[in-house]
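# Breakdown of the fold
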Amino acid sequence: MASDAGTAPGAAAVRLPLSAAQHDIWMAHHLDPTGRRYNIGEYHEIRGAVDEELFAAAWYQLVREADVLRIRRTEADEEGVWQILDADPGDRRIESVDLSSAADPEAEARTWVRRCLAAPYDLAAGDLTRHALVKLGEEHFLYVKCYHHVVLDGMASSLLDQRIAELYGKALAGEAWGPTPFGTLPELLAEDAAHRSSPEAAAERAHWTEHLTGAPETPRIAEGRTTGVPDDGVPFVRRSALLDPGRAERLREVARAHRTRWPMLMVAMVAAYVHRISGRTDLTLGLPVTGRTTELARRTPGMASNVVPLRLTVDPGASLSELVRSVVAESRHGLKHQRTRYEDMCRDLGLAEGARRLTAPLVNIMAFAPELDFGGQPTLTHNLSNGPVEDLAIGVYDRGPEVGVRVDFDAAPEVCDLAAVADHQDRFLRFVDTALDGMDSGVRELDLLDPAERRLLLGERAGVEVEIGDATLAELFEEQVRLRPEHPAVVFGEETLTYGERSCSRSRSGCGPSTRPSSSVKRR
């Protein structure tokens, strides 16, 4: 597995193979001309004083303990693709950024953070993580972290956050660092390789193929542009909204009343919404999971996250309560079989890169409030990116009982702009309120439109109602031939037939009241 790397940055560095999860991301990254699509990041807003020197010392110890923060770069040769792991932190330092003298420190910080997230990565050139402590005031700091997805995932980031908070607390108290809670990257890679070569893994893949065979193409609902594609470097369009504490508690109460957890209820409402928007009854949503089922994987930072497909059938006449039960059953199935890579499922189904999507939308729910304690100072976590967005990704974050539930709608900027994302999000949040009051109603009965949309569709765009009596369609057509022979009757591409021309066509074809009409428009 591990070997000395003659081309490594230092004599003690080693090169390690990529895991299956890492390799798929490495391949996809090299198909991305921007180098940004797999950027992930977040920051912790600290409302209180921070000892910057001790924080930097805690961060340096974190890098010493966590292998993923010492991955220097990747390289490829005839033997495969490798990641170069330094034995120690070397000259790595957390970046210190002081914006406290700016006219508007918070605006400057938002710009700085967005620029950090948008900066492309060259996997072969340099470090694959970025960390900074940004000072906005004497009692206002941001701990900013941006990574390339090839080295770690959300679960790994959470493990690192918990440890640096602990290390900083020890530094403030003058205590020893203590033993690391982390496993090593070589151990994690060995465990992953052993599992993938096992009969159990092969059986799991075969099971997923059987489960997903025949799944229809997923509807693309996040489409619509009124402006050009933004050129700010961020690889998605995001709109965030908040379910205030009252609405969030209502969500939890309804879930408890129906003997489920609120994340399952939220997934069911997403499925119902997609059904109502698209008209599809067979859906396959994507549910991000940790991909970690062993003790070693749960305590070792790395890249292991996965997406499991939730294959659902939405019966328009069934209640939302019944749909919740289907979601719970399918989610349990997915979690039980979560180690099979999503990319392997697609390959086994013959869905190559760029082919139709297997799942959409993605529903990523963080059903806990992991706010950190940096030396007793309150913090608030702000997610910046969870990785690539193909159609629509819905992120739901529990911010605790005093804040509520944050709902993010992310969409691919090539096909959807902020206005279209906002329309979807506003409509979905209204749908959530309606659904919570109508759990026992049929899904088809849950109102989707607001009063303005209903007036638009049933009023302004409904046309003028005209009494036609008992006339047949053919008789109505002939009346238009008599009244408006020069007006368009049929339009196909760039070709147009007037009522007069269409009437002649019917006459030549011998079309009568009981005959299927033909057209002289040529087939393409």
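Note: the structure precedes this text.
Read on for a plain summary of the structure. (Residues numbered from 1 in each chain as written. Predicted model: local features only at pLDDT ≥ 70, side-chain atom pairs only at ≥ 80, totals over all residues. Heavy atoms only, no water.)

This paragraph deals with the side chain of Asp 153. Summarising the element assignment, Asp 153 is placed in the loop between β8 (140-148) and α4 (154-173). Given a relative accessible area of 0%, Asp 153 falls into the buried group. Here Met 155 takes part through its backbone nitrogen, which lies 3.3 Å from a polar atom of the side chain of Asp 153. A polar atom in the side chain of Asp 153 sits 2.9 Å from the backbone nitrogen of Ala 156. For Asp 153, the residues in contact, after removing those within four places along its chain, are Ile 40, Thr 290, Arg 292, Gly 302, Met 303, Ala 304 and Ser 305. (Helix = DSSP H or I, 4+ residues; strand = E, 2+ residues; numbered from the N terminus. Buried < 20%, exposed > 50% of the residue type's maximum accessible area, 1.4 Å probe, protein only. Polar contact = N/O pair within 3.5 Å; in protein donor to acceptor, adjacent residues only side chain to side chain. Contact = heavy atoms within 4.5 Å.)

Where like charges cluster on the molecular surface, the negative patch consists of Asp 51, Glu 52, Glu 53 and Asp 98. You can see Glu 52 is positioned in helix α2 (residues 52-65). Residue Glu 52 is classed as partly exposed on the basis of its relative accessible area, which comes to 32%. (Patch = residues over 30% accessible without salt bridge, like charges linked within 9 Å, V, L, I, M, F, W, Y side chains within 5 Å. Areas by Shrake-Rupley, 256 points an atom, 1.4 Å probe, with all protein chains shown as cover. Salt bridge = Lys/Arg side-chain N within 4 Å of Asp/Glu carboxyl O. Lys, Arg positive; Asp, Glu negative; His and termini not counted. Charge placed at Lys NZ, Arg CZ, Asp CG, Glu CD.)

With respect to burial, helix α1 (residues 20-29) is a largely interior element, eight of its ten residues being buried. Along α1, the residues that are buried comprise Ala 20, Ala 21, Gln 22, Asp 24, Ile 25, Trp 26, Ala 28 and His 29. Each element contacted by the buried residues of α1 is listed here: β2 (14-17), β4 (71-77), β5 (80-85), β8, α5 (185-196) and α11 (342-348).

On inspection of all chains with the given rule, the structure shows nine aromatic pairs. Plain terms: the ring middles of Tyr 273 and Phe 428 are 5.5 Å apart, the flat faces sit at 80 degrees to each other, and that makes the pair edge-to-face. Separated by 155 residues along the polypeptide, Tyr 273 in helix α8 (residues 262-278) and Phe 428 in helix α12 (residues 418-436) bring together distant segments of the chain. The residues Tyr 273 and Phe 428 share a single accessibility class, namely buried. Between Phe 477 and Tyr 499, the aromatic rings sit 5.4 Å apart at their centres with planes inclined by 55 degrees, giving tilted as the arrangement. Placement of Phe 477 in helix α14 (residues 473-483) and of Tyr 499 in helix α15 (residues 499-509) is noted, with a sequence separation of 22 residues between them. The pair formed by Phe 477 and Tyr 499 is uniform in burial state, with each residue classed as buried. Aromatic ring contacts, followed pair by pair, group Phe 55, Tyr 143, Tyr 168 and Phe 374 into a single cluster. (Phe/Tyr/Trp six-rings, centres within 6.5 Å; stacked < 30°, edge-to-face > 60°.)

Another aspect to go through is the environment of Asp 24. As for its position among the elements, Asp 24 is in helix α1. Put simply, Asp 24 and Asp 344 are 320 residues apart on the chain and 9.5 Å apart in space, counted from C-alpha to C-alpha. Dropping the residues within four chain positions of it, Asp 24 is found in contact with Glu 343 and Arg 347.

Looking now at the sheet that holds strand β7 (residues 129-137). If you walk across this open sheet you meet the five strands as β6-β7-β8-β3-β13, and the pairing is mixed. Among the strands making up the open sheet, the edge pair consists of β6 (95-98) and β13 (379-385). If you compare each strand with its neighbour and ignore which way they point, the axes differ by 20 degrees on average. Looking at chain direction, β7 and β8 are connected through eight bridges and run antiparallel. Paired with Lys 135 across the strands is Phe 141, a residue of β8. Helix α3 (residues 105-118) contacts β3 (39-46), β6, β7, β8 and β13 of the sheet and is inclined by roughly 10 degrees relative to β8. Along the sheet, α4 contacts β3 and β8; its crossing angle with β8, the most-contacted strand, is approximately 145 degrees. (Pairing = 2+ DSSP bridges. Axes fitted to C-alpha atoms, helices over the stretch in contact; angles between N-to-C directions.)

Let us now look at unusual backbone geometry. Here the residue pair Ala 360 and Pro 361 is connected by a cis peptide bond, since its omega of -10 degrees sits within 30 degrees of zero. Phi is positive for Arg 259, which is not a glycine, with a value near 55 degrees. The class for Arg 259 is exposed, based on a relative accessible area of 83%.

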